[in-house]
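Here are the chains, one letter per residue:
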Amino acid sequence: MSETATLPLALTALAEDEVIFRDSVRQFADQQIRPLVRDMDEHAKLPRDLVDKLFDLGVMGIEVPERFGGSGGTFFHSVLAVEAISRVDPSVAVLVDVQNTLVINAFLRWGTDEQKATYLPRLATKWVGAYALSEAGSGSDAFALATRAVDAGDEWVLNGRKLWITNGAEAEVFIVLANVKPDAGYRGITAFLVERSFPGFSVGKKEDKLGIRASSTCELLLEDCRVPKANVLGEVGKGYKVAIETLNEGRIGIGAQMVGLAQGAVDHAAHYTKERRQFGKAIAEFQGVQFQVARMATEVEAARLLVYNAARLRDMGRPFLTEAAMCKLFSSEVAESCASMAVNLFGGYGFTKDYPVEKLYRDAKIGQIYEGTSNMQLQTIAKAVLG
Ligand SMILES: Cc1cc2nc3c(=O)[nH]c(=O)nc-3n(C[C@H](O)[C@H](O)[C@H](O)COP(=O)(O)OP(=O)(O)OC[C@H]3O[C@@H](n4cnc5c(N)ncnc54)[C@H](O)[C@@H]3O)c2cc1C
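Only a predicted model underlies this, so the values are computations on that prediction, with no experimental measurement involved. (Residues numbered from 1 in each chain as written. Predicted model: local features only at pLDDT ≥ 70, side-chain atom pairs only at ≥ 80, totals over all residues. Heavy atoms only, no water.)

*Asks:* Can you break down the nonpolar core residue by residue, with the values?
*Replies:* Judged by nonpolar contacts, the single largest core of 118 residues is most densely connected at Ile-33, Leu-158, Ile-175 and Ile-252. Here this core takes 14 residues from helix α7 (residues 239–275), the largest share from any one element. Every residue in contact with Leu-158, bar those within four places of it in the chain, is listed here: Arg-148, Ala-149, Val-176, Ala-178, Phe-192, Val-194, Leu-222, Glu-223, Asp-224, Cys-225 and Val-227. (Core = buried A, V, L, I, M, F, W, Y, C linked by side-chain atoms within 4.5 Å. Buried < 20%, exposed > 50% of the residue type's maximum accessible area, 1.4 Å probe, protein only. Helix = DSSP H or I, 4+ residues; strand = E, 2+ residues; numbered from the N terminus. Contact = heavy atoms within 4.5 Å.)

Shown next, in the form of structure tokens:
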């Protein structure tokens, strides 16, 4: 006897609304993002006009209920959107990813009715959000964070610095993790909703990066930053739960970003190898080249299955922790190897900025670093396997 009465669908068999949604995002990415990719990478800048168009498309509030002005979709829809955009530009994809799988996700899970009513309509229509956990001294060891919050009657006062914050240049609201009781260790960590305009808050240096250059990565400064009492997200001292549970889901989104990137590499390789002629024929006619493209496509499909499975499990309310770690670990490795192979298949042209694959190669690297390095994913997987 199987566990369920009816057979579940194949993971890549999408529902009708999922196909329509994915295709509309793909079309947007091809028409509105693709022409801007090289310029955005060169100048390390995301035009506000493009961000506004992402809001208009409905991909900045995918899981926000319709009554708050969102698209009323699922986590799986977010995964489809991130993948479809990343196929064209992983930098734009991570803006959408952080907005949906980290920020809005945390609001939906931990926000009070009042916080949801205040922030979700803004997040779905005009405000970019950011998620601020990491600091100069605490990355993998995230809960060693040094940012402090002190109770000042009707407000909290925050002091500290956050580093590496995606969307820092664009965001209006930041989920900031700070410790209210350092003696209690991680049990003092609390999540605060900090608006860009709050006194004592400022955005510092923007990093000049190897890849995903159009995505802003910024330092945040909290200097006696005053945060209303009502702006604690979840319970005081339970910020570690907000952080862990949000990131467990967020890394499925990074898996989707890496699958999209790898698919982009396959698409470019397939197109180019049919055009490029050597020895009197298209290089795609050489079996050696065909096998390289075939291997890339197979790896992408395997990574996609891991990502879709983790996302579907999450939407079903089933445990997905190990699957999420596996999907991020594997898809980031596949993204790097596929982008690398695409550069090889483009030959010397692949090494230049006149062709799109060198950028994908640079962009791929981040998948093994943020939202938990590959070693951190291996640690999670090893714990599940070895106990
Ligand atoms: C472009 C970019 C965007 C980012 N966006 C955000 C964001 O929006 N919000 C946010 O909060 N953070 C963000 N980060 C931070 C990111 O999550 C951290 O960089 C990451 O978690 C790694 O931390 P670290 O850089 O301090 O490296 P470290 O933790 O110092 O790790 C260095 C190396 O040591 C290894 N290592 C560390 N501990 C162990 C261990 N116990 N066992 C085995 N190996 C270990 C790591 O795997 C890694 O290879 C971003 C980073 C970048 C580069």
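Continuing now.
*Asks:* Just give me the short version of the packing of aromatic side chains, but keep the residues and values in it.
*Replies:* Applying the stated criterion to the full structure yields 11 aromatic pairs. Between Trp-156 and Phe-192 the ring centres are 5.7 Å apart and the planes differ by 65°, which places this aromatic pair in the edge-to-face class. Linking Trp-156 in strand β3 (residues 155–166) with Phe-192 in strand β5 (residues 189–195), this pair joins segments that are 36 residues apart in sequence. The burial state of Trp-156 is the same as that of Phe-192; both residues are buried. Among the aromatic residues, ring-to-ring pairing joins Tyr-272, Phe-346, Tyr-349 and Tyr-355 into one connected group. (Phe/Tyr/Trp six-rings, centres within 6.5 Å; stacked < 30°, edge-to-face > 60°.)

*Asks:* Which residues make up the site of the ligand, and what are the values?
*Replies:* Ser-134, Ser-140, Trp-164, Thr-166 and Thr-373 are the nearest of the 19 residues found near the ligand. Here Thr-166 contributes a side-chain N or O atom positioned 2.7 Å from a nitrogen atom of the ligand. With respect to the ligand, the side chain of Asn-375 contributes an N or O atom lying 2.9 Å from a nitrogen atom. Considered on its own, the ligand offers 980 Å² of accessible surface; in the complex 64% of this is hidden by protein. Looking at the shell around the ligand, its residues break down into nine nonpolar, eight polar and two charged. (Near = heavy atom within 4 Å. Polar contact = N/O pair within 3.5 Å; in protein donor to acceptor, adjacent residues only side chain to side chain. Areas by Shrake-Rupley, 256 points an atom, 1.4 Å probe, with all protein chains shown as cover. Nonpolar A, V, L, I, M, F, W, Y, C, P; charged D, E, K, R; others polar.)

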